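Commentary on secondary and tertiary structure
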Amino acid sequence: VYKDFYQYPLPIPPIKTPYKSYDNLDYYEIDIKPVDLQIYPNLKKTRHVGYDGMVPGPTFMVERGREAVVRFVNHADRANSVHLHGSYSRAPFDGWAEDTTEPGQYKDYYYPNAQNARTLWYHDHAIDHTAENAYSGQAGFYIMHDAQERASNLPMGQYDVPLALAAKRYNSDGSLWSPEANGETVSVFGDVIQVNGQPWPYMAVEPRKYRFRFLDSSISRSFQMYFEADKKAGTRLGFNVIGSDTGLLTKPIPATQLDISMAERWEIVFDFTGYEGQNVTLRNNRKVGADDDYAGTDKVMRFVIGSKITSQDGNGPLPATLRSVKYPPKKDTVDRHFKFERSNGQWQVNGISWASGPEARVIAKPERGAVEVWELENSSGGWTHPIHIHLIDFQILNRSGGERNTVLPYEAAGLKDVVWLNRGETVKVIARYAPWDGLYMFHCHNLIHEDHEMMAAMDVKAIKD
Ligand code: C2O
Ligand code: CU
């Protein structure tokens, strides 16, 4: 049992530098390779496979308007496919599950970087092995900036911190517990909470504002997090949610709890002013969704507040408005209805699975440019499913049927590419199916569910003239 809470510092993944830069394009190379990491202090190192041998991978820091080509070289012993989650990549570069790169080979992925500033992440998407590959390390941040974001005077640089949450299991010798070796087909909730790879880390901060970019990179664990000052246990401290999966919200939304499920990104600004010399701890609710609780799953990480402020940049009042978000035009009808269900021990979407085959799995054919309302229903009883639709940014219109019978205020203030269907919930999402045509996936982002076939495809149809 891991007992060292808040004893080790938070690692920050290094920034990836281009191998070569051209006028308007940066070219990068990433080696996917094994690495042995010391996770448990007194046990043996454990094998991971990471981008450039790091877990999480190095962080891409890109500017809107500069295109990127990334060569992913596979030095691992199994096939992979890379998805840049949050990018409207053309289909051949979107990490299609069967478009795998074999060991010893590479693939060059083209990323347009033409959307507004946002927190993206890149992760494995290989057919049947996404969970194992992402769990053993193939996940990293890809942060896109733009001029509008910079003009909003938010905390930047060392005050803008990516935080990748994960929940893992280890064997008693310190090695990573493998979902595949153990034949796991349901969920890996994990009793060890890690942030940027480190179990329950601490971070030394200054008594000022910080921007935190949360990503839940867990295979199966969702979080409902809150901040607590050690001197005021039991009181949830306020903060502002400023960004979602698809970049800045329309305006800062005050909150005391942050719900985040797998693959979601939420950005917040937390102000440590007045906490000089104290600790503020990031906690997690007990009994979140359908997840198993363990002794330490109510803890995430700790902030240790110093007394000195080195820079006042981005420490002013938050702007009243952040961005004008381009919501899709209003529409009252429902175009498609999808049930995420468990039937005969199988995870399915409307009764089909990925394995139903190349034709049967294509269960949506929107015309390119069409605005459609999709109703996503969790009809699997006690389970929860974060649903991700590739290519598009959607607006959450409505949530009903479950414990959270509402669209959360910060969900309503921007667009998303993942929505959490907690127990019993049905949500309606609206999006314009654009800008490209082609075959794209949509699926549950509990990666065990995804690998066990809770994945379907849409064929965005070219407009005929
Ligand atoms: Cu984050 Cu289809 O994936
Ligand atoms: Cu699921």
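Not measured: the values here are computed from a predicted model. (Residues numbered from 1 in each chain as written. Chains lettered and ligands numbered in written order. Predicted model: local features only at pLDDT ≥ 70, side-chain atom pairs only at ≥ 80, totals over all residues. Heavy atoms only, no water.)

**Overview of the coordination of the copper ion (ligand 2)**
Protein coordination of the copper ion (ligand 2) is provided by H385 (ND1), C444 (SG) and H449 (ND1), with donor distances spanning 2.0 to 2.1 Å. All donors of the copper ion (ligand 2) come from a single chain, and their spacing in sequence reads H-x58-C-x4-H. (Donors = N, O, S within 2.8 Å, 3.2 Å for Na, K, Ca; no water.)

**Let's talk about the pattern of salt bridges**
Tallied over the full model, the rule gives 35 salt bridges. Here R211 makes a salt bridge to E149, at a shortest N to O gap of 2.9 Å. Taken together, the positions of R211 in strand β14 (residues 209-216) and E149 in helix α2 (residues 147-151) put the pair 62 residues apart, joining distant regions of the chain. Taking the relative accessible area as the measure of exposure, R211 reaches 3% and is therefore buried. For R213, the salt bridge is made with E267, and the minimal N-O distance between the two is 3.5 Å. A residue pair is termed long-range when its members are at least 10 positions apart, and R213 in strand β14 and E267 in strand β19 (residues 265-271) qualify at 54 residues. By the burial criterion, R213 is buried, and E267 matches it. (Salt bridge = Lys/Arg side-chain N within 4 Å of Asp/Glu carboxyl O. Helix = DSSP H or I, 4+ residues; strand = E, 2+ residues; numbered from the N terminus. Buried < 20%, exposed > 50% of the residue type's maximum accessible area, 1.4 Å probe, protein only.)

**Considering the sheet that holds strand β28 (residues 418-421)**
Read from one edge to the other, the open sheet built from five strands follows the order β24-β31-β30-β26-β28, with strand pairing classed as mixed. Among the strands making up the open sheet, the edge pair consists of β24 (362-364) and β28. With direction set aside, neighbouring strand axes in the sheet form an average angle of 30°. Where strand β26 (residues 385-389) and strand β30 (residues 438-444) come together, three bridges link them in antiparallel fashion. Note that in β30 the partner of I387 across the bridge is C444. (Pairing = 2+ DSSP bridges. Axes fitted to C-alpha atoms, helices over the stretch in contact; angles between N-to-C directions.)

**Things to note about the nonpolar core**
Counting residues in each nonpolar core, the largest one holds 55 residues, and the members touching the most others are F212 and F214. Leaving out residues up to four positions away in the same chain, F212 has contacts with V161, L163, M203, W266, E267, I268, F270, F272 and F303. In terms of nonpolar packing, the next biggest core, distinct from the first, is built from 29 residues, I387, F394, I396 and V429 among them. (Core = buried A, V, L, I, M, F, W, Y, C linked by side-chain atoms within 4.5 Å. Contact = heavy atoms within 4.5 Å.)

**Considering the sheet that holds strand β9 (residues 139-145)**
Judged by pairing direction, the sheet is mixed, and its four strands sit side by side in the order β4-β9-β8-β6 without closing on themselves. Because the sheet does not close on itself, it has two edges, and the strands there are β4 (60-63) and β6 (82-85). Averaged over all neighbouring strand pairs, the angle between strand axes comes to 20°, with direction disregarded.

**What about the pairing of strand β10 (residues 160-168)?**
With nine of nine residues buried, β10 is to be regarded as a mostly interior element. In β10, alternate side chains face the same way, and those of D160, P162, A164, A166 and K168 on one face and V161, L163, L165 and A167 on the other are all buried. Note: β10 against β14, six bridges, orientation parallel. Looking at β14, one finds that A164 is bridged to L215.

**Quick word on the pairing of β4**
One face of the sheet, then the other: side chains in a regular strand alternate in exactly this way. Residue alternation in β4 divides its side chains into a buried set, F60 and V62, and an unburied set, M61 and E63. Pairing geometry for β4 and β9, over four bridges, is parallel. Across the sheet, the residue bridging to M61 is I143, located in β9.

**A look at the confidence of the model for the chain**
Of all residues in the chain, 100% have pLDDT values of 70 or greater, and the mean over the chain is 97. Taken over the whole predicted complex, pTM reads 0.98, whereas the ipTM for its chain interfaces reads 0.98. (pLDDT = per-residue confidence, 0-100.)

**Digging into the packing of aromatic side chains**
The relation between two aromatic rings is expressed through the spacing of the ring centres and the mutual angle of the planes. This model, assessed by the stated rule, comprises 33 aromatic pairs. Seen from their ring centres, Y28 and F60 are 4.9 Å apart, and the 70° between their planes marks the pair as edge-to-face. With a gap of 32 residues between them, Y28 in strand β2 (residues 25-37) and F60 in strand β4 connect regions that are remote in the sequence. Across the pair, exposure class does not vary: Y28 and F60 are buried alike. On the numbers, 5.1 Å between centres and 55° between planes, the contact of F338 with F442 is tilted. With F338 in strand β22 (residues 336-343) and F442 in strand β30, this residue pair connects regions lying 104 residues apart in the sequence. Taken individually, F338 and F442 each receive the classification buried, so the pair is uniform in this respect. One aromatic cluster in this structure is built from Y159, Y210, F212, F214, F227, F239, F270, F272 and F303. (Phe/Tyr/Trp six-rings, centres within 6.5 Å; stacked < 30°, edge-to-face > 60°.)

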